[in-house]
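# Per-entry structural report
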4 protein chains.
Amino acid sequence: MSSHIGKNISVSVFGQSHSAGIGCVVEGIPAGHQIDREALSAFMRRRAPGGLPWSTPRKEADEPEFLGGLVGDITCGAPLAAVIRNTNTRSSDYDALRRIPRPGHADYVAEVKFGGHQDASGGGHFSGRLTAPLCIAGGIAKQLLEESDVYVGAHLRRVAGIDDVAWDMHALTAEDVIAPGEKLFPVVDDRAGERMMDAIVEARSNRDSVGAVVECAAVGMPVGVGEPMFDGVENAIAAYCFGIPAVKGVEFGRGFEAADMKGSEHNDPYCMDGDRVAFRSNNAGGILGGISTGEPIVFRVAFKPTSSIFVEQDSVDLKDGADAKLSLKGRHDPCVAVRAVPVVEAVCALALYDLLLEERMDR
Amino acid sequence: MSSHIGKNISVSVFGQSHSAGIGCVVEGIPAGHQIDREALSAFMRRRAPGGLPWSTPRKEADEPEFLGGLVGDITCGAPLAAVIRNTNTRSSDYDALRRIPRPGHADYVAEVKFGGHQDASGGGHFSGRLTAPLCIAGGIAKQLLEESDVYVGAHLRRVAGIDDVAWDMHALTAEDVIAPGEKLFPVVDDRAGERMMDAIVEARSNRDSVGAVVECAAVGMPVGVGEPMFDGVENAIAAYCFGIPAVKGVEFGRGFEAADMKGSEHNDPYCMDGDRVAFRSNNAGGILGGISTGEPIVFRVAFKPTSSIFVEQDSVDLKDGADAKLSLKGRHDPCVAVRAVPVVEAVCALALYDLLLEERMDR
Amino acid sequence: MSSHIGKNISVSVFGQSHSAGIGCVVEGIPAGHQIDREALSAFMRRRAPGGLPWSTPRKEADEPEFLGGLVGDITCGAPLAAVIRNTNTRSSDYDALRRIPRPGHADYVAEVKFGGHQDASGGGHFSGRLTAPLCIAGGIAKQLLEESDVYVGAHLRRVAGIDDVAWDMHALTAEDVIAPGEKLFPVVDDRAGERMMDAIVEARSNRDSVGAVVECAAVGMPVGVGEPMFDGVENAIAAYCFGIPAVKGVEFGRGFEAADMKGSEHNDPYCMDGDRVAFRSNNAGGILGGISTGEPIVFRVAFKPTSSIFVEQDSVDLKDGADAKLSLKGRHDPCVAVRAVPVVEAVCALALYDLLLEERMDR
Amino acid sequence: MSSHIGKNISVSVFGQSHSAGIGCVVEGIPAGHQIDREALSAFMRRRAPGGLPWSTPRKEADEPEFLGGLVGDITCGAPLAAVIRNTNTRSSDYDALRRIPRPGHADYVAEVKFGGHQDASGGGHFSGRLTAPLCIAGGIAKQLLEESDVYVGAHLRRVAGIDDVAWDMHALTAEDVIAPGEKLFPVVDDRAGERMMDAIVEARSNRDSVGAVVECAAVGMPVGVGEPMFDGVENAIAAYCFGIPAVKGVEFGRGFEAADMKGSEHNDPYCMDGDRVAFRSNNAGGILGGISTGEPIVFRVAFKPTSSIFVEQDSVDLKDGADAKLSLKGRHDPCVAVRAVPVVEAVCALALYDLLLEERMDR
């Protein structure tokens, strides 16, 4: 079993929901880069709960301690290691979860896979809490990309069937992609955001949950980053995205819509823009043959509705080998995608920065 | 730059469209497995052109020669190396392609990335022809999975906006997934297939092309295969799928549809089926937390319309730095997804077999 | 830059000599294995300073805290993450080391490589202190190997030109390999050990240091572990060993001596031992073609003399660009190899356990 | 099982001694480099048999065919794939080797590991013949290093107890390291060479074989290449070297001799050489902390005597489970190290070029 990913920037995520701590080791960050700790904390707060009416009131300070990799705030070339202490360790619901698995969670498959030895408490290593270390790593990758004028941002493209404004993939600017992340609720159109919030609150009052689509973009990537076949921009981003709990689909450019298009509609024509080769459209989402085109890289990620719901559900009692009813208690985000918006940005930044380093070797 | 993928089964694909040959090296296949060469050839013929009215009449024998890894037809533990000779080498359209890039192709990004040294002829290493070696590797992986009673199959779920019958993800059997591949046109409902064929022929007569969605499933995977976070079933399949040219989206289970569902609708309830834990539905597409649930693994892949179309297109002349018109000649598949159906099966089998080997270590 | 190694058991080591902490993340340990914390602490104390007259009196408690990967003392399948806090952080000798590099250390190459951003304090990520996390990982690997009746041990084969008894590679038992590690000074022949200690004390009184050879063996490895070519037993052990500071050579079986032998002397003849195929000798050190033969695996590791010596040395002042004299202060082990004996065992165990897991897949 | 190695330059070697062909896939070579095919052929001829009185008269044309990766003679960025056809396939001694394993060979361990399915003929994937593809890959890496003024060469440092002149590790020039490879018998001192040849001829007339030490150096490596811990220059070179059949030891700089030295003798003092930091000696073999110092990189590789000898040897009959006598027929090199000299250069070049690419990312 492994929990690491990446070639030039290798990210290893460790810890369980209720273990002593969670964290990450990031290898491959060149020496000499100043980390803006304030900006990193601000980025991580976007993932932290609280602030919004429906959000889980669990307290997660989530302030990382850096054990290695920095001298002051400057990277020193050694692996970057960061830890967040868990304050809520060894909860009492441990045995219950192992006995009656929660539908939509990994409880049952983990019980089988790990022969009953998994850390069931709080979801263990499968917990959404593990996305916090991903945000440390990705938040730093975002800063490193910004040094090269590459900007990554995301917004809630759709929640509970309610659409935000779709980004114009061809016209998208750095300002556009950054804007939603500066809001408490990351959308382009705040009125759509209010309708989404209403839907989330309603789901919560029904003890239910809703799904969502997150749209993410990177503006400023130079032409020629990414490799043919298996190390392309799409492969890298997708491999990372499916590491985020609840993700069930990833699409680039026009994505599944492209399946209904004609070649004459979908092909992005070239044109000269002064001395520069340009595109007239960006249906490709900034990627051809796995390689960046210089247009904004745009993709969408489908999140299933939160699995933890509070209506009574059918399950089984693994000990008795009998059907059982499950009534969860506690509080959970009724739409995990809201807090996952910065996580999508994080993995996008990690995937792209890794490929950007690769590109340096090709020259 | 790398063109390999996989941990326990490592696949490296080499060659260019018009180089002396294409092929693959597959490392990690245990010794002692008999390869059914007949079955492998039959599988590869599904990818080969010809037979259907619109398909490109290029002749590709595509019969692999095994240089290593077998004693007779039995794997010997050494890397499996297979080669297909290219008969069409060094075409004359080389310079034209480098000068006026084809919209939707990698011509331009490759020119920038490789400083003009890429093998432009026939699309080079980006060519769909490179999926033939993937089918050698994947065809063998399919046979190895079948030894463990895991069956992989796919069908054209949608072409040019025309739907085939959607698979019932919960009820799907080995027979169901195998059936479409035994037809000349891989669909469940042959009437839908005829309408799709009509649409493809029409697109071709309009010198245009159409996109499609391929649905793929694996039946028989035991519970507990796949790893949390970055080595999950979804990560592995997605990373492989985006190595197939023209793929722009991958979704598992309900996929993007899940984004519009409520948790109470999407969660798959458990129930006892005799002594066995079972599910009442399979919205998860057979995967929870990256790990197989024992239900059929089901995913869909979006293919953009073929980039090679024969209407006049806007492009640029890279030599003159001026706008230019491009009129492609020759013949191409107006819907690449048709021949890509076995390719999707191939990468699915490779991803799953790799994880199945991983699982053996966990015990 | 990366600091991880291994395929099935992946070890990532992080931290610097004077950063907030050092530690490791170990991925791939199957769930359900009980870790003997007492035995692990005892193993780590063998590496810790103190006890012997010449050893550095620095206090290193070196008690690891496990942040993840365990439920109680049982592995849970999630990555094992362990941290040791550094109590001595940010020392004042930082700038001096960057200005006048110590001969035999990485100070100068790190200055060039990391553009002056390396963590120079205490040797940073190059410090021998980083072998402590290796001992956590390796101490656990030793325990896992013992579950399969594989025993790893080492002794000081030669110090300052003084020889310990050479192990009989063919007759070596589990008891033999374990015995030296149970002594304060890990040798077979205690009289040789006393002469070694005298030589070390003498070197120290001369403000100098001495080199050594460590001999390590694994008894009980089944036949057939390891892979041809690049994933053989020798490749794996050697790649790990050169990660230990001060190692300058690794040899297996007869090693460099084999270069002076005839084939008729070196080849190990086969014979039947009842129903079992056996060897009459073990010049191969338990490895043929990269694969274990069932005989004890035996190798030797050459350690250069400690680089930190206290006689005045010639160096340069990097700031002034002029020759300079360097007089180190403080206390250091005059023979790093003594404390490195368990480190060699640790990396041997990690390399072998990784290959043992690999072997499970081959079946 | 895998037969590939490397991170930025990944080399996969395939084929068996008597399969249809052998070859390699090399991923990661940047586009735009001209390969000197003449020079490559000349390099490969150094490994080919023939020319010397004792060498095996087997005919191996060993001229590689490039299936992919080149446009003309210029790298195009796609994986480099090269094949050498085997003319001697499926020999008749197949069953004999499986039944009575040759001492010193991998016959027996392969029989156990692969359950009797290994390709036993001619040594299969374990054959020294597999070093030919390594020389293709490494011969190209040598050329790429030469573009950066890094020169790799090797000589027979010791054969059958007879010493060639030891290289002065500090004073070594590009001319020095290249010179031995331009001779039929790669030594510095031709009189020593003649004595070595006499010893080899004598061993052959006695139906026996002799071992040797190969010394290899790389001149011109800039300061700062290689990574701390597990991706150091020593780790990389050693991991590659043990992939060469018959290698039993690798040492850098003073190597095992360093174990008998004092720190005051071994530490290489710094001095200014004009504006440049220089060393007064090179006991470190050009590597400190895994990183190149700018001094020549020097290492030695111990080769055991050829396992194939023609005196009668004790073995076992695996079919009958009884002791047996083995009398090999045919002709083999009585000293494999002679032809292995370019192979050592090849793997050195591959390891160093990989790290040189890595270094480009650190900036």
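With an unreviewed UniProt entry as reference, chain A is termed Chorismate synthase, source organism Slackia piriformis YIT 12062. You can read under Catalytic activity (unreviewed entry) in the UniProt record for chain A the words "5-O-(1-carboxyvinyl)-3-phosphoshikimate = chorismate + phosphate". Taken from UniProt, the Sequence similarities (unreviewed entry) comment for chain A reads in full: "Belongs to the chorismate synthase family."

### Looking at the overall build of chain A
Tallying secondary structure elements over chain A gives 9 helices and 18 strands in all. For 363 residues, the compact-globule formula gives about 21 Å, and the C-alpha radius of gyration of chain A, at 21 Å, lands near that figure. A burial count over chain A gives 68% of its 363 residues as buried. Only carbon and sulfur atoms are counted for the fraction: they give 48% of the accessible area of chain A, which is about 11,400 Å². Taking the average location of the 36 positive side-chain charges in chain A and that of its 51 negative ones, the two points are 7 Å from each other.

### Structural notes on the relation of the copies chain D and chain C
Superposing chain D onto chain C takes a rotation of 180° combined with a translation of 0.0 Å along the rotation axis, leaving an RMSD of 0.0 Å. The operation mapping one copy onto its partner corresponds to a two-fold rotation axis. Looking at chain D, 100% of its interface residues are interface residues in chain C too, so the copies touch through the same face.

### Observations concerning the nonpolar core
Counting residues in hydrophobic clusters, the biggest one holds 346 residues, and the most contacted among them are A:Leu156, B:Leu156, C:Leu156 and D:Leu156. Setting aside chain neighbours within four positions, we find B:Leu156 in contact with B:Asp164, B:Phe185, B:Pro186, B:Val187, B:Met196, B:Ala212, B:Val213, B:Val214, B:Ala337, B:Val338 and B:Val341.

### Considering the interface of chain B and chain D
Each partner contributes to the interface: chain B provides 41 residues, whereas chain D provides 41 residues. The junction of chain B with chain D conceals about 2,900 Å² of combined surface from both sides, 58% of it contributed by carbon and sulfur atoms. At the boundary of chain B and chain D, one finds 2 salt bridges. At the junction of chain B with chain D, the criterion picks out 14 residue pairs in polar contact (both at pLDDT 80 or more). Those elements that provide at least two residues to the side of chain B that touches chain D are β2 (10-15), β3 (21-27), β4 (65-68), β5 (70-71), β6 (74-75) and β7 (80-85) of chain B.

### Focus: the confidence of the model for chain A
It should be kept in mind that the predicted coordinates are not to be read in detail where pLDDT is low. On average, residues of chain A score 94 in pLDDT, and 96% of them reach the 70 mark or higher. In the model output, the complex is listed with pTM 0.97 alongside ipTM 0.97.

### With respect to the environment of D:Ala212
Take D:Ala212: it is sitting in strand β10 (residues 212-219). Overall, D:Ala212 belongs to the buried group, its relative accessible area being 0%. Taking the C-alpha atoms as reference, D:Ala212 lies 25 Å from D:Ser3; in sequence the two are 209 residues apart. Once residues lying within four places of it in the same chain are set aside, the contact partners of D:Ala212 are C:Ala259, D:Leu156, D:Arg158, D:Val159, D:Val301, D:Ala302, D:Phe303, D:Cys335 and D:Ala337.

### Comments concerning the pairing of strand β10 (residues 212-219) of chain B
All names here are of chain B. Of all 8 residues in β10, 8 are buried, a share of seventy percent or more. Of the two faces of β10, the one carrying Ala212, Val214, Cys216 and Ala218 and the one carrying Val213, Glu215, Ala217 and Val219 are both buried. Looking at chain direction, strand β8 (residues 151-159) and β10 are connected through 8 bridges and run antiparallel. Note on β10: the bridge partner recorded for Val159 is Ala212.

### Observations concerning helix α6 (residues 190-205) of chain C
Residue and element names in this part refer to chain C. Between its terminal C-alpha atoms α6 stretches 22 Å, which fits the 22 Å expected from 16 residues at 1.5 Å a residue. Regarding α6, the residues found buried are Ala192, Gly193, Met196, Ala199, Ile200 and Ala203. Summarising the axial view, the buried residues of α6 lie within an arc of 120°, below the 170-degree limit, and thus occupy one face. Across α6 from its buried face, at more than 90 degrees, point the exposed residues Arg191, Arg195, Asp198 and Ser205. For α6, the secondary structure elements touched by its buried residues are β8 (151-159), β9 (162-163) and α9 (337-361). N-cap assignment for α6: the residue whose side-chain oxygen lies 2.9 Å from the backbone N of Arg191 is Asp189. Of the residues one or two after α6, Arg207 is the one with positive phi, at around 60°.

### So, the sheet that holds strand β4 (residues 65-68) of chain C
Residue and element names in this part refer to chain C. On the basis of which strands lie adjacent, the open sheet formed by 5 strands has the order β1-β2-β3-β7-β4 and antiparallel pairing. Among the strands making up the open sheet, the edge pair consists of β1 (4-5) and β4. Taken together, the 3 bridges between β4 and strand β7 (residues 80-85) define a ladder with antiparallel strand orientation. Residue pairing for β7: Phe66 is matched across the bridge by Ala82.

### Some points on the interface of chain D and chain C
Facing 100 residues of chain D, the contacting portion of chain C comprises 100 residues. Buried area between chain D and chain C, summed over both chains or domains, comes out near 7,700 Å², and the portion from carbon and sulfur atoms is 63%. One salt bridge in this structure joins C:Glu227 and D:Lys113, with 3.2 Å as the shortest N-O distance. Considering each element in turn, the side of chain D that touches chain C owes the most residues, 6 residues, to strand β11 (residues 247-252) of chain D.

### Thoughts on the UniProt feature "binding site: NADP(+)" (unreviewed entry) in chain A
This chain's UniProt record puts "binding site: NADP(+)" (unreviewed entry) on A:Arg47. Mapping A:Arg47 onto the fold places it in helix α1 (residues 37-47).

### Description of the UniProt feature "binding site: FMN" (unreviewed entry) in chain A
As annotated by UniProt and renumbered to match this structure, "binding site: FMN" (unreviewed entry) occupies A:His125, A:Phe126, A:Ser127, A:Gly289, A:Lys304, A:Pro305, A:Thr306, A:Ser307, A:Ser308 and A:Arg331. Sequence-wise these annotated residues cover 207 residues; spatially they are dispersed, their C-alpha atoms as much as 44.2 Å apart. Tracing the sequence through the fold places A:Lys304 in the loop between β16 (297-303) and β17 (313-317). Given the relative accessible area of 9%, A:Lys304 is considered buried. With residues near it in sequence (within four places) discarded, A:Lys304 still touches A:Gly104, A:Val210, A:Gly211, A:Ala246, A:Lys248, A:Val336, B:Ala258, B:His266 and B:Leu288. In terms of polar contacts, A:Lys304 uses its side chain to reach the backbone carbonyl oxygen of A:Gly104, at 2.9 Å. Residue position: A:Thr306 is located in the loop between β16 and β17. Not counting the four nearest positions on each side in its chain, A:Thr306 is found in contact with A:Ser209, A:Val210, A:Asp333, A:Pro334, A:Cys335, A:Val336 and B:Gly263. A polar contact is formed between the side chain of A:Thr306 and the backbone oxygen of A:Asp333, at a distance of 2.8 Å.

### Description of the packing of helix α4 (residues 131-147) of chain C against α9(C)
Residues and elements named next belong to chain C. Two elements in contact, α4 and α9, have axes whose closest approach is 7 Å; the angle formed by their N-to-C orientations is 50°. Taken as axis vectors, α4 and α9 run oblique relative to one another. α9 is crossed by α4, and the crossing has left-handed handedness. Across the interface between the two elements, Thr131, Leu134, Cys135, Ala137, Gly138, Ala141, Lys142, Leu144 and Leu145 from α4 touch Pro342, Val343, Glu345, Ala346, Val347, Ala349, Leu350, Leu352, Tyr353 and Leu356 from α9. When its residues are assigned to classes, the contact of α4 with α9 shows 15 nonpolar, 2 polar and 2 charged.

### Considering the sheet that holds strand β11 (residues 247-252) of chain A
Within the open sheet, the 10 strands sit side by side as β9(A)-β8(A)-β10(A)-β16(A)-β11(A)-β11(B)-β16(B)-β10(B)-β8(B)-β9(B). Their pairing is antiparallel. Either end of the sheet is taken by a strand with one partner, and the two such strands are β9 (162-163) of chain A together with β9 (162-163) of chain B. In this sheet, β9(B) lies alongside β8(B) in antiparallel orientation, the contact comprising 2 bridges. In the sheet register, B:Val159 faces β9(B), and the bridge partner there is B:Ile162.

Cut-offs applied
Residues numbered from 1 in each chain as written. Chains lettered and ligands numbered in written order. Predicted model: local features only at pLDDT ≥ 70, side-chain atom pairs only at ≥ 80, totals over all residues. Heavy atoms only, no water. UniProt positions renumbered as here; feature names shortened; annotations may be inferred. Helix = DSSP H or I, 4+ residues; strand = E, 2+ residues; numbered from the N terminus. Rg over C-alpha atoms; globule rule 2.2 N^0.38 Å. Buried < 20%, exposed > 50% of the residue type's maximum accessible area, 1.4 Å probe, protein only. Areas by Shrake-Rupley, 256 points an atom, 1.4 Å probe, with all protein chains shown as cover. Lys, Arg positive; Asp, Glu negative; His and termini not counted. Charge placed at Lys NZ, Arg CZ, Asp CG, Glu CD. Least-squares fit on C-alpha atoms with pLDDT ≥ 70 in both. Contact = heavy atoms within 4.5 Å. Core = buried A, V, L, I, M, F, W, Y, C linked by side-chain atoms within 4.5 Å. Buried area = accessible area lost by both parts, 1.4 Å probe. Salt bridge = Lys/Arg side-chain N within 4 Å of Asp/Glu carboxyl O. Polar contact = N/O pair within 3.5 Å; in protein donor to acceptor, adjacent residues only side chain to side chain. pLDDT = per-residue confidence, 0-100. Pairing = 2+ DSSP bridges. Expected span 1.5 Å × (residues − 1). Arc of directions from axis to C-beta. Axes fitted to C-alpha atoms, helices over the stretch in contact; angles between N-to-C directions. Parallel < 35°, antiparallel > 145°, perpendicular 65-115°, else oblique. Left-handed = near helix turned anticlockwise from the far one by under 90°. Nonpolar A, V, L, I, M, F, W, Y, C, P; charged D, E, K, R; others polar.

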